[in-house]
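Tertiary structure, described
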Amino acid sequence: MTQSIKAYAVHLFTATGAVFAMLALLEAAQGDWAMMFLWLVVAFIVDGIDGPLARRYHVKQNARTIDGVLLDLIIDYLTYVFIPAFALFQSDLLPGWTGWIAIIVITFASVLYFADSRMKMPDNSFQGFPACWNMAAVVIFAVQPDFWIILVIVIFLAAAMFTQLKFIHPVRTARWRNLSLPVALVWTALAGWAALSGFEQPQAVTLGLIVTSLYLGFVGIVQQLVPVRA
């Protein structure tokens, strides 16, 4: 198998995320939030794998006719933003006008963030909250806090997208990756557990989701505050 074929195979693998997004949307349209999030977790796993594969097989050089960055952004907007926003609106978690505010804020702010050329930092972290609404929505569905708390979380995270706060990529951010990557894997397993149980998961799983989410959300800011030792 030539390097070009391998590189194009990576693009095909990335493109499966669009299929998983559609499957998630179909489940969301029927109000089956558990299955919707399971498909989003699958898409999340694909998104975590395709990047290292793309770099390994040098897709920019060996599969030039497909823009892998654009392909990834399209799928990420569907799975990270659009479908989670729809789920928050369509569920009973945000009643009335609060649901409208949430979907408008999430979709509008996120599309601007995705087009921001300053999104990536030199160490492959993100500048500003990287619009991971799928992760936020999983935790919200698992915890089911009061709608005012959800609305505050949505507005806070949307505002955080346009700050200089650092948010890590658990695979690509090298600093503390030996801890961050296992935490991300644990988060993925707990999110899948919560979805499989129809969000009637044990309290330990809920606490685990909260703790791992807080780590992934704030470790980048801690790295900004703690200088790298020479």
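Everything below is about the structure shown above.
Treat the numbers as computed from the prediction; the structure is a model and nothing was measured.

A word on the overall build of the protein
A count of helices and strands for the protein gives nine helices and two strands. In the protein, the succession of α and β elements from N to C terminus is α-α-α-α-α-β-α-α-β-α-α. Taking the principal axes of the C-alpha coordinates as reference, the protein spans close to 50 × 45 × 35 Å. For the protein, with 230 residues in total, the buried portion stands at 46%. Across the protein, the fraction of contacts at a sequence separation of at least 24, relative to all contacts at a separation of at least 6, is 79%. Accessible area of the protein: about 12,100 Å², with a carbon and sulfur share of 70%.

Focus: the packing of helix H2 (residues 33-56) against helix H8 (residues 177-196)
Where H2 meets H8, the closest approach of the two axes is 8 Å, and the angle between their N-to-C directions is 160°. For the element pair H2 / H8, the angle class is roughly antiparallel. Considering how the two elements wind past one another, H2 and H8 form a crossing that is left-handed. Contacts between H2 and H8 pair Ala-34, Phe-37, Leu-38, Val-41, Phe-44 and Ile-45 from the former with Trp-187, Thr-188, Ala-191, Gly-192, Ala-195 and Leu-196 from the latter. Partitioned by chemical class, the residues of the contact of H2 with H8 number 10 nonpolar, two polar and no charged.

Digging into a nonpolar patch on the surface
A surface patch of nonpolar side chains, about 660 Å² in accessible area, is lined by Trp-100, Ile-104, Phe-108, Val-111, Leu-112 and Phe-162. With respect to the secondary-structure elements, Trp-100 resides in helix H5 (residues 97-114).

Concerning the packing of aromatic side chains
Working definition: an aromatic ring pair is given by the centre-to-centre distance plus the angle between the planes. If you walk through the whole model with that rule in mind, you get 13 aromatic pairs. Ring geometry for Phe-37 versus Phe-199: centroids 5.4 Å apart, planes at 80°, classification edge-to-face. One end of the pair, Phe-37, is in helix H2; the other, Phe-199, is in the loop between H8 and helix H9 (203-225), with 162 residues separating them in the sequence. In this pair, the class of Phe-37 matches that of Phe-199, namely buried. What links up through ring pairs into an aromatic cluster is the set Trp-33, Phe-37, Phe-141 and Phe-199.

Things to note about helix H6 (residues 133-143)
Counting buried positions along H6 yields 10 of 11 residues, so the element is predominantly enclosed. Considered for burial, the residues of H6 that qualify are Trp-133, Asn-134, Met-135, Ala-136, Ala-137, Val-138, Val-139, Ile-140, Phe-141 and Ala-142. Taken from the residues just after H6, Gln-144 is the one with a positive phi, measuring 55°.

Here we look at the environment of Leu-93
Its place among the elements puts Leu-93 in the loop between helix H4 (68-90) and H5. According to the relative accessible area criterion, Leu-93 is buried, its value standing at 14%. The spatial distance from the C-alpha of Leu-93 to the C-alpha of Ile-168 is 28 Å, given a sequence separation of 75 residues. With sequence-adjacent residues up to four places away left out, Leu-93 is seen in contact with Ile-140, Phe-141, Gln-144, Phe-147 and Ile-150.

Observations regarding unusual backbone geometry
Its identity as a non-glycine residue notwithstanding, Asn-124 has a phi of 70°, on the positive side. Looking at Asn-124, the relative accessible area reads 26%, which means it is partly exposed. Of note in the backbone geometry, Phe-199 takes a positive phi value of approximately 60° without being a glycine.

Some points on the side chain of Thr-79
Structurally, Thr-79 is set in helix H4. Accessibility expressed as a relative area gives 3% for Thr-79, which makes it buried.

Some points on the pattern of salt bridges
Overall, the coordinates contain two salt bridges when judged by the stated rule. Between Arg-118 and Asp-116 there is a salt bridge whose closest N-O contact spans 3.0 Å.

Points about the nonpolar core
Note on soluble globular proteins: their nonpolar side chains tend to be buried together. Met-36, Phe-37, Trp-133 and Trp-187 are the most contacted members of the largest nonpolar core, which totals 59 residues. Put simply, the parts of the chain that give this core at least two residues each are helix H1 (3-29), H2, H4, H5, H6, helix H7 (147-160), H8 and H9. For this core, the leading source of residues is H6, giving nine residues.

What counts and what doesn't
- Residues numbered from 1 in each chain as written.
- Predicted model: local features only at pLDDT ≥ 70, side-chain atom pairs only at ≥ 80, totals over all residues.
- Heavy atoms only, no water.
- Helix = DSSP H or I, 4+ residues; strand = E, 2+ residues; numbered from the N terminus.
- Buried < 20%, exposed > 50% of the residue type's maximum accessible area, 1.4 Å probe, protein only.
- Contact = heavy atoms within 4.5 Å.
- Areas by Shrake-Rupley, 256 points an atom, 1.4 Å probe, with all protein chains shown as cover.
- Axes fitted to C-alpha atoms, helices over the stretch in contact; angles between N-to-C directions.
- Parallel < 35°, antiparallel > 145°, perpendicular 65-115°, else oblique.
- Left-handed = near helix turned anticlockwise from the far one by under 90°.
- Nonpolar A, V, L, I, M, F, W, Y, C, P; charged D, E, K, R; others polar.
- Patch = residues over 30% accessible without salt bridge, like charges linked within 9 Å, V, L, I, M, F, W, Y side chains within 5 Å.
- Salt bridge = Lys/Arg side-chain N within 4 Å of Asp/Glu carboxyl O.
- Phe/Tyr/Trp six-rings, centres within 6.5 Å; stacked < 30°, edge-to-face > 60°.
- Core = buried A, V, L, I, M, F, W, Y, C linked by side-chain atoms within 4.5 Å.

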